[in-house]
Amino acid sequence: MRRRPESSSAKSSSISHEASASDTSAIDHEDVQANIRVNSPRRSRFVWLTLFSLIIYSSWSVYQHQFQNLPAPLTAAQAGKRGFSEIEALKHVNALTEFGPHPVGSDALELAVQYVLEAAEKIKEKAHWEVDVQVEVFHARSGAHHMGSGLFTGKTLVYSDLNHVVLRILPKFESEAAQNAILVSSHIDTVFSTAGAGDCSSCIAVMLELSRGISQWAGFKHAVIFLFNTGEEEGLNGAHSFITQHPWNETVRMAIDLEAMGIGGKSGIFQAGPHPWAIENFALVAKYPSGQVIAQDFFSSGAIKSATDFQVYKEVAGLSGLDFAYTDNSAVYHTKNDKLELLKAGSLQHLGENMLSFLIHILASSNLPKGNTTEQEENKGQNAAIFFDILGTYMIVYRQRFANILHNSVIIQSLLIWATSLIVGGYPAAVSLALSCLSIILMWILALGFSVLIAFILPLVLSSPVPYVANPWLVVGLFAAPALLGALTGQHLGYLFLQTYLPNVHSKRKLLSPAIQADLIKLEAERWLYKAGSVQWLILLVIGNYYKIGSSYLALVWLVPPAFAYGLLEATLSPARLPKPLKLATLLMGLAVPILISAGILIQLVGTIIATLVRFDRNPGGTPEWLGNVIIAAIIAVNVCLTLVYLLSYIHLSGAKGSIVLATCLVFGLSFTAVLLGIVPPFTEDTARAVNVVHVVETTGISEGKQNTSSYVSLFSTTPGKLNNEVEHIKEGFNCGRDKVVDFVTFSVKYGCWTYDDTEDGWSESDIPMLHVYRDTKSNTRMTRVSVDTKGSIRWVLAVNTEEIEDFKFEVNSEDLVPFGVKSSVDGWHVIQFSGGKNAPTIFDLTLVWKVDSARFANKVDGQKGEQRPLLKLRTDVNRLTPKIERVLERLPSWCSLFGKSTSPYTLAFLSSLPVNF
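I will try to describe carefully the structure that is included in this document. Predicted model, so just to flag it, every value in this text is computed and none were measured.

**Notes on the overall build of the chain**
Part 1 of the argument: When you go through the chain residue by residue, the secondary structure sums to 23 helices and 27 strands.
Part 2 of the argument: Judged by the C-alpha coordinates and their principal axes, the chain covers about 145 × 70 × 60 Å.
Part 3 of the argument: For the chain, buried positions account for 57% of its 918 residues.
Part 4 of the argument: Sequence-distant contacts in the chain: of pairs separated by 6 or more residues, those separated by 24 or more amount to 81%.
Part 5 of the argument: Between the mean site of the 73 positive side-chain charges and the mean site of the 80 negative ones, the chain shows a separation of 10 Å.

Structure, rendered in structure tokens:
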């Protein structure tokens, strides 16, 4: 049957239908694009700059409130007889500083001890009738200790003839109170270079006012012992003598040490434990709690080369407790500027009220830890305290065991979230994460690179390699600005890498126009950069948790709030499942808690580290001049990378990049110009450069039965940098260079200045110490007896060559001060460091036991001088000004100050040695 052909009308209908369908498809496509709305990826430059300014202002405000907001000083009438009055305490500080420097063995120290004793007796006379106040002067006989950690590795510290004032307050009607005591301790003595208003007359004053207030209370169950010791500055000798010799030492259950590494400000806890009971109770009752576990981590790491009496109480006596310290204006530490005029009002009131509340609380407590808490604590690592204060008004304390649970929980949840995200996102998500992490790496590299480059340049173009010590704000321009520029550059490179890769992902979205895809790529790149910030903090939390670092709580607070804010405000996708611009509320909510908790302590920490540059070079000239700068620059760059990573992720969609680059360059340029032209001096009269001026009398041998001596004045500095300006100002014929090497036994001067003085003005041959061999037995074991006569010196150091000597014994008046036994050494030397009172002995016996193979060392050469290493090296110190030293000190620039420490010599030092082949 023949098929009938379609009519023309039918064809027309079919074509019309197809066209209609095609038109409908086109209309639907257009409708889809029309329904997709992508917010503009551009962000206002003004908004970002305002946000940046707000964060900087908030951080500074947190610092000011947390560390600079001090209570008003109270008068005696305002405090009441049971309260604490800073005005009364300042009278003690003033009286003690009027004695001038009072190191061990000085007349001034005797006067200071007598003053403290009289003040203690007055407290006893006016005490409440229900308490018993006992006051005594404790005379410590000769003793020695050699703690094997920190500053004391390779040393034995010996002391004699020390006097301490001890005041004990206990309730009359508690029979067991005398057997359970809290020890509160600080030191009266100072170094020779300062009157010590901060270190530690302020501590002594607080203790006197505390003991007065506590003596008016009743109802205690325990005793409190206030130890006003001497000898701390010479190696913690006062604390050691009390804890090993005083009859009350067995009654101490807890130790509280008061110290100063600056002058004034808030006295914060920088060491607590090992048992957390003390810090937990302090947090409960302190009126103005101040303390940071990050300071404890930093101090215990050895980054700050110092030690306190708390180390003796913890390691020798096995006690737990608290260690407080003033750290403001730390650059004045042990210099002339540790003076009353720089002590901030409210500093003593802050510590005094905190201590008074704490002592009253624990003295009435029935839960005082008994016995040796360090030995009883089976798992002290798990019970170590994590502590930090918030704005100086509230302190958070929890134990390491809880920290482990909390940190592990956050780490596991974070890893699960990331794993889920990568599984859902697939390969593109993994690549995007890798690229965003690359941006973090580039950010770190360039931030560190830019700031460290400036750190290397400064010593090359400036007279002082550390031009910002007196004005720490300069580091914002010199190091923080380049670090910010580097961080921005590095992150922006990562942003560009993400923009290069993400089009491959969005090219699958066929329905989107190229313009919309470009906008989406920018938005998604921004989100990846923000999320990468949490990755770096997650890594730090994992590391801190693994090594049980207390300050890893900082990683927690910088990880959780920003991640929570992102999950709450950003994780919801649009109906078209497309990213949106990051909300400003996300950043504000995410950074509020981290800034509140950490901004203050990070600023304070950087300021403290900058101040330590004054005494950075422990062997003057022994470290490169750029090293201190590099450390500061690196610390600042690390802070920039860690804390600004979230904020910087917001800048790439704004027009603020050019403004930020211009502003950072301008700030850097102004700061650099200010230090280059000397507009801002590196040191001032109140923030001085630390120098030492020592008249050295060196014994070079014996000729015709008479000692050959060399007499010269050595000028050197622990602050990095040359001494050309200082020498030009003094004008006493000094010549400077790296050939002016002096071995002061405890340290060596690698760069210094000398001027010779061949006269015996201010000293005589009778002052020269003697090392006399009076017996040398060469049997199976060679033994040598040496008489050490320090003449009139009661402060000296003796180094024993441990490459030749197997063991030794040190005696005075047939009493073993240092018996035979295992002794540590550093660089082949074991150092005996001695200090004592006026009646300390000056003649000692040293018995040396030689190594069997000591002959193999006989031809060893000292790398410093090209001479054979001596068997013994001796330095004796005399606190006396020779005419030459007086002239130099009179002309010493106002921006310089003598600097003292336990290992540095006085203004007159005698050097002698005993050769191996004597």
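This is not the end of the story, as more comes after the structure.
**Looking at a nonpolar patch on the surface**
Part 1 of the argument: Taken together, the side chains of L453, I457, L460, V461, L676, L677 and I679 define a hydrophobic patch exposed on the protein surface, amounting to about 710 Å² of accessible area.
Part 2 of the argument: No other element matches the four residues that helix α14 (residues 400–461) contributes to the nonpolar patch.
Part 3 of the argument: By the secondary structure assignment, L677 is in the loop between α21 (657–676) and β12 (689–703).
Part 4 of the argument: Judged by its relative accessible area of 60%, L677 is exposed.

**Concerning the sheet that holds strand β21 (residues 805–812)**
Part 1 of the argument: Read from one edge to the other, the open sheet built from five strands follows the order β18-β19-β24-β21-β22, with strand pairing classed as antiparallel. One side of each edge strand has no neighbouring strand; the edge strands of this open sheet are β18 (770–778) and β22 (815–818). Geometrically, the sheet is characterised by an average inter-axis angle of 25° between neighbouring strands, direction not taken into account.
Part 2 of the argument: Pairing geometry for β18 and strand β19 (residues 782–789), over eight bridges, is antiparallel.

**With respect to the packing of helix α4 (residues 86–97) against helix α6 (residues 197–214)**
Part 1 of the argument: Where α4 contacts α6, the axes come no closer than 8 Å and their chain directions differ by 135°. On the basis of the axis angle, α4 is oblique to α6. The handedness of the crossing between α4 and α6 is right-handed. On α6, the residues touching E88, A89, H92, V93, L96 and T97 of α4 are A197, S201, S202, I204, A205, L208 and E209.
Part 2 of the argument: By residue class, the composition of the contact of α4 with α6 is seven nonpolar, four polar and two charged.

**Observations regarding the pairing of strand β7 (residues 252–260)**
Part 1 of the argument: Taking burial as the measure, the nine residues of β7 include nine buried ones, the bulk of the element.
Part 2 of the argument: Bridging between strand β5 (residues 181–187) and β7 involves five bridges; their strand directions are parallel. Its bridge partner lying in β7, S185 is registered against D257.
Part 3 of the argument: Across six bridges, the pairing between β7 and strand β9 (residues 321–326) is parallel. Of the residues in β9, the one forming a bridge with L258 is F324.

**Remarks on the pattern of salt bridges**
Part 1 of the argument: Taken as a whole and judged by the stated rule, the model has 26 salt bridges.
Part 2 of the argument: Residues E625 and K722 are paired through a salt bridge, measuring 2.8 Å at the closest nitrogen-oxygen approach. Of this pair, E625 sits in the loop between α18 (584–611) and α19 (627–643) while K722 sits in the loop between β13 (706–717) and α22 (724–730), and the two are 97 residues apart along the sequence.
Part 3 of the argument: With a relative accessible area of 35%, K722 lands in the partly exposed category.
Part 4 of the argument: Two residues, K791 and D789, come together in a salt bridge whose shortest N-O distance is 3.6 Å.
Part 5 of the argument: Taking relative accessible area as the criterion, K791 reaches 27% and is therefore assigned partly exposed.

**What to know about the sheet that holds β9**
Part 1 of the argument: The seven strands lie next to each other as β1-β4-β6-β5-β7-β9-β8, forming an open sheet whose pairing is mixed. Strands at the two margins of the open sheet, each flanked by one partner only, are β1 (131–140) and β8 (267–273). Strand after strand, the sheet turns through a mean of 20° between neighbouring axes, direction not considered.
Part 2 of the argument: As paired strands, β1 and strand β4 (residues 162–171) are joined by ten bridges and run antiparallel to one another. What sits directly across from E136, in β4, is V166.

**Digging into the environment of A278**
Part 1 of the argument: Tracing the backbone shows A278 in helix α8 (residues 277–285).
Part 2 of the argument: When the C-alpha positions of A278 and M254 are compared, they lie 8.1 Å apart, and in sequence the two are 24 residues distant.
Part 3 of the argument: Setting aside its immediate chain neighbours within four residues, A278 contacts M254, G321, L322 and F358.

**Notes on the nonpolar core**
Part 1 of the argument: Core analysis: the biggest nonpolar cluster contains 197 residues, and F226, F228, L258, L359, Y468 and F479 have the highest contact counts within it.
Part 2 of the argument: For L359, the contacting residues outside a window of four places in its chain are I182, V184, L210, I214, F226 and I256.
Part 3 of the argument: Counting residues in hydrophobic clusters, the runner-up holds 26 residues, among them I805, F810, L846 and L848.

**Looking at the environment of P681**
Part 1 of the argument: The topology assignment puts P681 in the loop between α21 and β12.
Part 2 of the argument: C-alpha separation for the pair P681 and S659, spaced 22 residues apart in sequence, amounts to 30 Å.

**Focus on the state of the cysteines**
Part 1 of the argument: Counting across every chain of the model gives two disulfides.
Part 2 of the argument: Here C200 is linked by a disulfide to C203, with a sulfur-sulfur distance of 1.9 Å. Its S-S torsion of approximately -50° makes the covalent link between C200 and C203 left-handed. One end of the pair is C200 and the other is C203, both in helix α6 and three residues apart, which spans about a single turn.
Part 3 of the argument: A residue is classified by how much of its surface remains accessible, and C200, at 0% relative accessible area, is buried.
Part 4 of the argument: Here C736 pairs with C753 through a disulfide, and the sulfurs are 2.0 Å apart. Since a negative S-S torsion denotes a left-handed disulfide, the C736-C753 link at about 100° is right-handed.

**A look at the side chain of T586**
Part 1 of the argument: When you line up the elements, T586 lands in helix α18.
Part 2 of the argument: Contact partners of T586, with chain neighbours within four places excluded, come to Y530, A565, Y566, L569, E570 and Y650.

**Concerning helix α11 (residues 347–363)**
An α-helix turns once every 3.6 residues. As a result, residues three or four positions apart point the same way.
Part 1 of the argument: Between its first and last C-alpha atoms α11 spans 24 Å; for 17 residues at 1.5 Å apiece the expected length is 24 Å, and the two agree.
Part 2 of the argument: Taking burial as the measure, the 17 residues of α11 include 15 buried ones, the bulk of the element.

**Considerations on helix α2 (residues 45–68)**
Part 1 of the argument: Taking 1.5 Å per residue as the helical rise, α2 with its 24 residues ought to reach 34 Å, and the 33 Å between its terminal C-alpha atoms agrees with that figure.
Part 2 of the argument: All buried positions along α2 are accounted for by W48, L51, F52, I55, S59, V62, Y63, Q66 and F67.
Part 3 of the argument: A side-chain oxygen of the first residue of α2 lies 3.2 Å from the backbone nitrogen of F46; this N-cap is S44.

**Let's talk about the packing of helix α16 (residues 514–546) against helix α17 (residues 553–569)**
Part 1 of the argument: At a minimum axis distance of 8 Å, the contact between α16 and α17 shows a crossing angle of 150°. Taken as axis vectors, α16 and α17 run roughly antiparallel relative to one another. Relative to α17, the crossing made by α16 is left-handed. Residue-level inspection shows R527, Y530, K531, S534, W537, L538, L540 and L541 of α16 in contact with α17, the latter providing L554, A555, L556, W558, L559, P562 and Y566.
Part 2 of the argument: Across the contact of α16 with α17, the residue classes tally to twelve nonpolar, one polar and two charged.

Here is what the cut-offs are and how they apply
- In this numbering scheme, every chain counts its residues from 1 along its sequence in written order.
- Where totals are concerned, whole chains, interfaces and linings use all residues; where local detail is concerned, this predicted model gives features only for residues with pLDDT of at least 70, and gives and counts side-chain atom pairs only at 80 or more.
- Just so you know, side-chain values use all the structure's heavy atoms and leave hydrogens and water out.
- Each helix corresponds to a stretch of at least 4 residues labelled H or I by DSSP, and each strand to a stretch of at least 2 residues labelled E; elements are numbered beginning at the N terminus.
- For every residue, the accessible area obtained with a 1.4 Å probe (protein chains only) is divided by the maximum for its type, and the residue is called buried under 20%, exposed over 50%, and partly exposed between those limits.
- Whether two residues are in contact is decided by their heavy atoms, any of which lying within 4.5 Å being enough.
- By the counting scheme adopted, Arg and Lys are positive, Glu and Asp are negative, and His together with the chain ends is not counted.
- Charge placement uses NZ in Lys and CZ in Arg. For Asp and Glu, CG and CD serve respectively.
- For patches, a residue must show more than 30% relative accessible area and have no salt bridge; joins then use 9 Å for like charges and 5 Å for nonpolar side chains, namely Val, Leu, Ile, Met, Phe, Trp and Tyr.
- Note that accessible areas follow from Shrake-Rupley with a 1.4 Å probe, and for residues the cover is restricted to the protein chains shown.
- Any Lys or Arg side-chain nitrogen found within 4 Å of a carboxyl oxygen on Asp or Glu counts as a salt bridge.
- Paired strands, as defined in this entry, are two strands with at least two bridges between them according to DSSP.
- In this analysis an axis means a line fitted to C-alpha atoms, helices contributing only their contacting stretch, and an angle means the value between N-to-C directions, from 0 to 180 degrees.
- Any angle that is under 35 degrees is reported as roughly parallel, and any over 145 degrees as roughly antiparallel; angles of 65 to 115 degrees are reported as roughly perpendicular and all others as oblique.
- Two helices that cross are described as forming a left-handed crossing if the nearer one is turned anticlockwise from the farther one by less than a right angle, and a right-handed crossing if clockwise.
- Amino acid classes used here: Ala, Val, Leu, Ile, Met, Phe, Trp, Tyr, Cys and Pro are nonpolar; Asp, Glu, Lys and Arg are charged; the rest, including Gly, are polar.
- Think of a nonpolar core as a cluster: buried Ala, Val, Leu, Ile, Met, Phe, Trp, Tyr and Cys residues, connected wherever their side-chain atoms sit within 4.5 Å.
- The definition used for a disulfide is geometric: two cysteine sulfur atoms within 2.5 Å.
- A helix is expected to reach a length of 1.5 Å times the quantity of its residues less one.
- In protein, a polar contact requires one atom able to donate a hydrogen and another able to accept it; more generally it is a pair of N or O atoms within 3.5 Å, and residues adjacent in sequence count only if both atoms are side-chain atoms.

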